[in-house]
Structures are given as C-alpha cells and as structure tokens.
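Chain residues, written in single-letter form:
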Amino acid sequence: MEANNSNSNIIQFPSAAREDSGRRLIPARLLEARIALRMTQTDVANQVGVKRQSISGYEAGIKQPDPETMRAIAEALEQPMGFFTRGELATFGPASANFYRKVGADTKRRNLACDTYSDWLAQTAFAFDELVNYPKMDIPSYEPASEASNRYSEEEIEDIAENVREYFGLGLGPISNVVRLLESKGVIVSRVVIPGEKIEAFSFWRGSRAFVFLASDKNSAARSRLDAAHELGHLCLHRWVGSEEIEDVKTLKAIEKEADRFAGAFLLPRKSFPNEIYSPRLLAFLDLKQRWKVSIQAMVYRCKTLGIFDDQQTTNLYKEISRKNWRTKEPFDGEDGLPLEQPLLLAKVVEMVLNAGKFKRDELKERLGFSPRWIEQLSGVPENTLSAVGDVLVSPTFK
C-alpha cells in the first residue's frame, strides 16, 4: 500500500525542519511507536519535555514538532527518524482478528501493542517474500457442525485433533517439536520478550499466511508447547471468527475453551496417551512429562477430561502439586530442563538473504524503517546482527 500523502495524514515540518532534515512526520507512525512501548501520551510528553497536549496534537496531525522535539520523540520511542516518515508497508493481505486470551479495559493497552507487533512481524516476513520460497501454507480449516450454536462440541474437537494429526502424518505418539511443525506448514512463528506483560501467545492471519507470536519469558518448554498447540487450534478451528466475536467476553471464553481442548487432544491423543497412565500418583507423571513434553498439570487435566481420573483424584493431585510448589515451576522446567522450542524459519531467511547479498543490512533497515532491535527480535536473529560489521551473518544456534 502506498503512503497517503494527503494533508490530513502527513505533517509538513516548518521550514527550519525541512532544511534540517527534509523529512515529514506521519502521525500514524508516532501513535504506532508509542503503543508498541505501551506508553501514554503523558509518558512520552514527560520524557520529551513538552505538554501532553502537544503529543496529542502531533498524533492528530494538527500540530508540528520542531526538529529538536522530533529528535527527542524518536529517542524516547526508541525508533530511527526514518520510521516516522515512512508510509504503510505491504504485507501478505488483509488482517484477520488477533486471538488474544483476554479483552477488556485492563488488557486494551497490551492488546493494542500486540496489534502493532503483529503488523511488524508480518511486514518483516513480507520483506523477503519475493526473495525466498516460504513453505507452502498447509493448515486445514474447520467449521462447527451446529449452525445454531456456532460452537464445537467436545467430541468434534477430539475428532478434529485426530484428523489434523493424520493430515500432518504424525501418528499417535509424542510430537518432537511443535514450533518446527508449525513452521514446516508455512506458519511464521516469532518468540519475543515483552517485559512486564502477561502475554502467553496469540495468532493471526495476514491474507493466506498464518502467524503465531509466542512470549519467551516462560521458563517452561512444556507450557510453551501447549501455547503453540493452542494457537494451532485457533488457526484450524477459528479462521472464520471475526473481531466482533472475540470482543464479546462470553464468546471469547468459549473460543478459548475450544482451543484449549484442541491443544490437549492434539498433544495427548485419546487413542494412545491413556494407555500410558498406570497410576493416579503424581510421581508417575515425571517420566510421562519427559516423553510427551507436556506439563504435569496439563496431563492431569487431560486425564480428567478423558474420564481417567474422577474429580476427587484430580483434586488430590492438584493439592499435591501445590504442596510441592509446582504450580509455577515443575520438574524439568527452566534452563536445565526440557529445551524451549525456538523458531528458526524467519531467522534462516534473514541469514540466507543477507549472506547472498540480496539485501545489505542498511537496505533491510531502510526498507522496514522500524528499530533494528525489533527486526532482530521478531525474526529471531542474534542481537546486533543488523549493526554488525561485515556482510556475513553468523547462523543462530538454539537448543
């Protein structure tokens, strides 16, 4: 999409600013950068040293920052000056609804920031679309049988999870790497640290390309795998869902419950996993966690949903989990436990393109416009990749 050059969307700097930089501020970029850092207009104003009303005026396109103020804004929002002058970037197609776990006033700022991260991830991936062959999108899509309720039954979800496993040729055993599986089916996966926010994961579409965004502050690889499977559930079950449905709390709760059920059924198939449950004692799940790479709490819950354990047995297990302080950190979690599954697809694409000379680092930064730090984090390449000296990119190594 070309940048909109109408007077309502682009601010002409005063003559002194044009002589100084020749740049023009696009208000939407200012708003975008602020939202990405979860900052209020007052936060930015305090850092820049202007009134909040000034920041509001800049974002509305009715006031003009002088060059010194604009440089201070760029520094406060951690973006290069060029970011604030570029138009909209092309991507794979129209945006779908983003599948967040929660909506409401307490999560609005966080979800708006995630909308921006979604745009930046899609824009980063699309920058390489004409230079590389991404894996073909190969995610099956389903709709509920009941048009009246528009919801899936538990049996439907179990059947769909089995069908998806069969479609992917997975059999009935443990899945070795869920993130790698998603990437092999054309899904662009990113794992980014978002400090101070309770972001587990979310997924979305841009045109025909699917994306999954994982938070990397979890110390449990098993729970992260469950997040990835949960998002696969959204991609398979809910592509037809619109934003207005997600914004309804009751509907969102039902949608999330469906994705949870899919994740459990996909990772722990009802035709094989129950055969390995030989005891309702908690220690019996330690070996199972290493084999299936699913958290003990998720396995206990799966046993309940499949009727393997009754309510009393499940309650006793959860009480024991609490007594052992396993609610937040179980055995085999953390750096010395199961390895966290890292995305590799986009990092390999960046590596290949830079090493082949199809893009120079400066060309890539200029094309995308936003902070090189964000490009590195979204694509999963090593820190300082885009500011390093030389043209050869060292291949990233992950556990």
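Residues numbered from 1 in each chain as written. Predicted model: local features only at pLDDT ≥ 70, side-chain atom pairs only at ≥ 80, totals over all residues. Heavy atoms only, no water.

Caption draft 1: Seen up close, the overall build of the protein. The number of helices and strands found in the protein is 17 helices and three strands. For the protein, buried positions account for 51% of its 399 residues. Relative to all contacts within the protein whose residues are 6 or more apart in sequence, the contacts with residues 24 or more apart total 73%. (Helix = DSSP H or I, 4+ residues; strand = E, 2+ residues; numbered from the N terminus. Buried < 20%, exposed > 50% of the residue type's maximum accessible area, 1.4 Å probe, protein only. Contact = heavy atoms within 4.5 Å.)

Caption draft 2: Structural view of the nonpolar core. Core analysis: the largest hydrophobic core is formed by 55 residues, its most contacted members being Phe84, Phe128 and Tyr134. The residues contacting phenylalanine 128, other than those within four sequence positions of it, are Tyr134, Val349, Val350, Val353, Phe359 and Leu364. Residues Ala161, Leu214, Leu235 and Leu288 belong to the second largest nonpolar core, which totals 51 residues. (Core = buried A, V, L, I, M, F, W, Y, C linked by side-chain atoms within 4.5 Å.)

Caption draft 3: Structural detail: the confidence of the model for the protein. Overall, the predicted model of the protein reaches an average pLDDT of 87, with 89% of residues at or above 70. In the predicted structure, residues 389–399 sits below a pLDDT of 50 and forms 27 contacts with residues beyond four places in sequence or in another chain. (pLDDT = per-residue confidence, 0-100.)

Caption draft 4: Looking closely at the pairing of strand β2 (residues 201–206). With six of six residues buried, β2 is to be regarded as a mostly interior element. Judged by which residues are buried, β2 turns out to be covered on both faces: Ala201, Ser203 and Trp205 on one side and Phe202, Phe204 and Arg206 on the other are all buried. The turn linking β2 back onto strand β3 (residues 209–215) is made up of two residues, and glycine 207 within it adopts a positive phi angle of 65 degrees. (Pairing = 2+ DSSP bridges.)

Caption draft 5: The pairing of β3, seen in detail. Burial runs high along β3: seven of the seven residues are buried. Alternating positions in β3 separate into two faces, Arg209, Phe211, Phe213 and Ala215 on one and Ala210, Val212 and Leu214 on the other, with burial throughout. Pairing of strand β1 (residues 188–192) with β3, which is carried by five bridges, proceeds in the parallel orientation. Note on β3: the bridge partner recorded for isoleucine 188 is phenylalanine 211. Sheet analysis places β2 next to β3, joined by six bridges and oriented antiparallel. Bridge pairing links phenylalanine 204 to phenylalanine 211 in β3.

Caption draft 6: Local environment of the pattern of salt bridges. All chains considered together, the criterion is met by 20 salt bridges. The salt bridge partner of arginine 373 is glutamate 78, with a shortest N-O separation of 3.0 Å. Taken together, the residues arginine 373 in helix α17 (residues 372–379) and glutamate 78 in the loop between α5 (67–76) and α6 (108–126) connect sequence positions 295 residues apart. A salt bridge links aspartate 333 to lysine 289, with the shortest nitrogen-to-oxygen separation between them at 2.9 Å. Of this pair, aspartate 333 sits in the loop between α14 (311–323) and α15 (345–355) while lysine 289 sits in helix α12 (residues 284–292), and the two are 44 residues apart along the sequence. A relative accessible area of 0% places lysine 289 in the buried class. Bridged by salt links that share partners, the residues Glu155, Asp159, Glu162, Arg270 and Lys271 form one connected network. (Salt bridge = Lys/Arg side-chain N within 4 Å of Asp/Glu carboxyl O.)

Caption draft 7: Geometry of α17. Among all positions in α17, only Trp374, Ile375, Glu376, Leu378 and Ser379 are buried. Along its buried surface, α17 packs onto α6, β1, β3, α15 and α16 (361–368). One or two steps after α17, the chain reaches glycine 380, where phi turns positive at roughly 80 degrees.

Caption draft 8: Region of the structure containing the sheet that holds β2. The strand order across the open sheet built from three strands is β1-β3-β2, with neighbouring strands paired in mixed fashion. The open sheet has two edge strands, β1 and β2, and neither has a second partner. Strand-to-strand twist in this sheet, taken as the mean axis angle between neighbours without regard to direction, amounts to 20 degrees. Contacts from α6 reach β1, β2 and β3 within the one sheet, and its direction differs from that of β2 by about 50 degrees. (Axes fitted to C-alpha atoms, helices over the stretch in contact; angles between N-to-C directions.)

Caption draft 9: Representation of the side chain of lysine 185. Topologically, lysine 185 is positioned in the loop between α8 (178–184) and β1. No salt bridge is formed by the buried lysine 185; the nearest opposite charge belongs to aspartate 138, separated by 4.3 Å. Here lysine 185 is in contact with Lys136, Met137, Asp138, Ile139 and Phe168, once residues within four sequence places are set aside. (Lys, Arg positive; Asp, Glu negative; His and termini not counted.)

Caption draft 10: Focus on the packing of α6 against α17. Here α6 crosses α17 at 80 degrees, and the two axes come no closer than 10 Å. Considering their axes alone, α6 and α17 lie roughly perpendicular with respect to each other. Across the interface between the two elements, Tyr117, Trp120, Leu121 and Thr124 of α6 pack against Trp374, Ile375 and Leu378 of α17. Classifying every residue of the contact of α6 with α17 gives six nonpolar, one polar and no charged. (Parallel < 35°, antiparallel > 145°, perpendicular 65-115°, else oblique. Nonpolar A, V, L, I, M, F, W, Y, C, P; charged D, E, K, R; others polar.)

Caption draft 11: Seen up close, the environment of arginine 52. Along the polypeptide, arginine 52 turns up in helix α4 (residues 52–60). Each C-alpha atom, one on arginine 52 and one on glutamine 41, is 5.8 Å from the other, the two residues being eleven residues apart in sequence.

Caption draft 12: Expanded view of the packing of helix α2 (residues 27–36) against α6. Between α2 and α6, the least distance of the axes is 8 Å, while the angle of their chain directions is 115 degrees. Viewed along their axes, α2 and α6 adopt a mutual orientation that is roughly perpendicular. For the element pair α2 and α6, the recorded crossing hand is left-handed. The segment α2 lies against α6, with Glu32, Ile35 and Ala36 engaging Leu112, Ala113, Thr116, Tyr117 and Trp120. In terms of residue class, the contact of α2 with α6 is built from six nonpolar, one polar and one charged. (Left-handed = near helix turned anticlockwise from the far one by under 90°.)

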